[in-house]
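# Observations on the three-dimensional arrangement
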Amino acid sequence: MKPIADVTPNTWEFLRDPMIAPTGFREYDARWKYPEGINLPGVTALGLGLGTQIHRRGVEPRIAVGNDYRDYSVAIKNALILGLVQAGVHVQDIGPALSPMAYFAQFHLDAPAVAMVTASHNPNGWTGVKMGFERPLTHGPDEMAELRDIVLNDEGEARDGGKWERVDGVMEAYLDDLVGDFRMTRKLKVVCATGNGTASAFAPEVLRRIGVEVVPSHNRLDYTFPHYNPNPEAMEMLHDMAASVKESGADLALGFDGDGDRCGVVDDEGEEIFADIMGVIMARDLSALHPGATFVADVKSTGLFASDPVLQENGAKADYWKTGHSHMKRRVHELGALAGFEKSGHYFLAEPIGRGYDCGMRVAVEICKLMDRNPDKSMSDLRRALPKVWNTPTLSPFCPDEEKYETLQRIVDRIVPMKGQGSLGGQKIVDVVTVNGARVMLENGGWGLVRASSNTPNLVVVCESPASAEELRAIFDDLDAIIRVEDNVGAYDQTF
């Protein structure tokens, strides 16, 4: 039956009929509040739709399916599996997993498709599915729109031949693949911060296997997230990591989000290194090993990928692209880039380093390798060696899901005519890049960005100044004033 768009918990129909809020079909993930945005029959309808999409695309109907460590994720996964089996798909259930472990399972099991039940870095109360059938890629806007139409228009087709199979051993194979034969040659003491999330079962083990001394930080699995929501882009987690570094005398801290596809870094001085800046440090190291490499950065990222003199000397090429793990994976794949870096902490390490998908555990190993190749340097040394810039964390003011794209368009329409005549923070606007929202480029190399969040009811704001913290604040204040013309834009999720 056609899913009901209004989800009404605690009703007879809620236990019987599929209910799905259409806004949960986002640019590259499916993500809802549960049970306010989707019910279990709705998740089954999603599985039937995904299975139907697999058949329509001519993909072999076999899929690796996993779930993150939340108390309701197994119920969501089982409801999804029911729909997939109804669609005639062979489900290979790998059990509790990280998102990158599910991506790895596609290669390990030679599975054509993947579906990972996870709310990613969203707080408890959210659920969703990351999926794909062209490894190492995941669904982009075209695939998500097709899936949405199949599900919401009740076009799912039941077929014979579906089955469920439990597959053991993937976690062990994934850990072995991450570690390989690498062992540290220098002593390295690392705070391992997992926020009690799924990565707690993986990250400490990976680091110990490569010879790192691990300082545990909230590594006990606990799906209530008693300390903070595991999100290494949030200052709450980064500040906690910094405190652990200072208390333990560690060489750095590595932090992981709820489904383990992102990695955050704090250096030996307790300085939070935003992921785009860490990306430049890694790109410097990797471009020395692979001269002429191309690196993709998302539009929220620092301008240093294009302007850093060391990257230029190594012949590195920079490409700025749309924010979002699916967009970035595709761009890295299309360009044959060595790596992609996203300010949110997604890193996409391609051959010969990784397989092109985002894996926080792989990033952690590669950062340790970087430190091993620089035995006489601390992480703060590597940070200070970069040209100095001042930048904000990712700031997310509330904006309703149903209104955020129209709101963003009105903001962009006000900003575009400012090119060549307007200013932010006293700096003339020299260009407005609209590939993903509006990235406002300033004459001294500073910039400010506003875009719509793909995953939550928010806009996203990021700013950078090459001059000073005071100019950074002025750039933000001027951009925020343009945004505040919109009455439906609410408070920011954090400050700087």
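Residues numbered from 1 in each chain as written. Predicted model: local features only at pLDDT ≥ 70, side-chain atom pairs only at ≥ 80, totals over all residues. Heavy atoms only, no water.

Take the sheet that holds strand β2 (residues 62-67) next. Whether parallel or antiparallel, the strands of a sheet pair through hydrogen bonds between backbone atoms. Spatial ordering of the open sheet is given by β1-β5-β4-β2-β3-β6, a layout of six strands whose pairing is mixed. Strands at the two margins of the open sheet, each flanked by one partner only, are β1 (30-33) and β6 (163-166). With strand direction ignored, the average angle separating the axes of adjacent strands in the sheet is 20°. Of the pairings in the sheet, the one linking β2 to strand β4 (residues 113-117) comprises five bridges and is parallel in character. The residue of β4 that forms the bridge with N67 is V117. Running over the sheet, helix α2 (residues 73-86) touches β2, β3 (90-96), β4, β5 (126-132) and β6 and is turned about 165° from β2. (Pairing = 2+ DSSP bridges. Helix = DSSP H or I, 4+ residues; strand = E, 2+ residues; numbered from the N terminus. Axes fitted to C-alpha atoms, helices over the stretch in contact; angles between N-to-C directions. Contact = heavy atoms within 4.5 Å.)

Attention now moves to the pattern of salt bridges. All told, the structure shown has 42 salt bridges when counted by the stated rule. Between D261 and K130 there is a salt bridge; the shortest N-O distance is 2.6 Å. Within this pair, whereas D261 is found in the loop between β9 (252-256) and β10 (263-267), its partner K130 is found in strand β5, the two being separated by 131 residues in sequence. You can call D261 buried: its relative accessible area is 0%. (Salt bridge = Lys/Arg side-chain N within 4 Å of Asp/Glu carboxyl O. Buried < 20%, exposed > 50% of the residue type's maximum accessible area, 1.4 Å probe, protein only.)

Turning to the packing of aromatic side chains, a few remarks are in order. Two aromatic rings are characterised by how far apart their centres lie and by the angle between their planes. Enumeration over the complete set of coordinates arrives at twelve aromatic pairs. Centroid distance F104 to Y174: 5.7 Å. Interplanar angle 50°. Geometry classified as tilted. With a gap of 70 residues between them, F104 in helix α3 (residues 99-108) and Y174 in helix α5 (residues 170-179) connect regions that are remote in the sequence. Measuring from ring centre to ring centre gives 6.0 Å for F295 and F341, while their planes differ by 35°; the resulting arrangement is tilted. Taken together, the positions of F295 in strand β12 (residues 294-298) and F341 in strand β14 (residues 339-341) put the pair 46 residues apart, joining distant regions of the chain. Residue class for F295 comes out buried when judged on its relative accessible area of 2%. (Phe/Tyr/Trp six-rings, centres within 6.5 Å; stacked < 30°, edge-to-face > 60°.)

UniProt marks residues 24-154, 173-270 and 276-387 with the feature "domain: Alpha-D-phosphohexomutase alpha/beta/alpha" (unreviewed entry), using the numbering shown here. Secondary structure across residues 24-154 divides into 40% helix and 22% strand, with the first and last C-alpha atoms of the span separated by 16 Å. Its end C-alpha atoms 34 Å apart, residues 173-270 is made of 29% helix and 20% strand. (UniProt positions renumbered as here; feature names shortened; annotations may be inferred.)

Mapped onto this numbering, the UniProt entry annotates "domain: Alpha-D-phosphohexomutase C-terminal" (unreviewed entry) at residues 427-480. In residues 427-480, the share of helix is 22% and the share of strand is 46%. The end C-alpha atoms are 15 Å apart.

Here D358 is to be found in the loop between β15 (347-349) and α12 (360-373). At 2.8 Å, the side chain of D358 forms a polar contact with the side chain of K329. Within polar-contact distance, the side chain of D358 engages the side chain of H346 at 2.7 Å. Apart from the residues within four sequence positions on either side, D358 is in contact with P100, Y103, D261, H325, K329, H346, Y347 and F348. (Polar contact = N/O pair within 3.5 Å; in protein donor to acceptor, adjacent residues only side chain to side chain.)

All right, on to the sheet that holds β15 then. Here four strands make up an open sheet; going across it, the order is β13-β12-β14-β15 and the pairing mixed. Edge positions in the sheet fall to β13 (317-321) and β15, since each has one partner strand and no second. On average, each strand axis in the sheet is tilted by 15° relative to the strand beside it, whichever way the strands run. Pairing analysis gives three bridges linking β14 to β15, with the strands arranged antiparallel. Along β15, the bridge assignment pairs G340 with F348. The sheet contacts of helix α8 (residues 275-289) involve β12, β14 and β15, and relative to β15 the element is tilted by about 20°.

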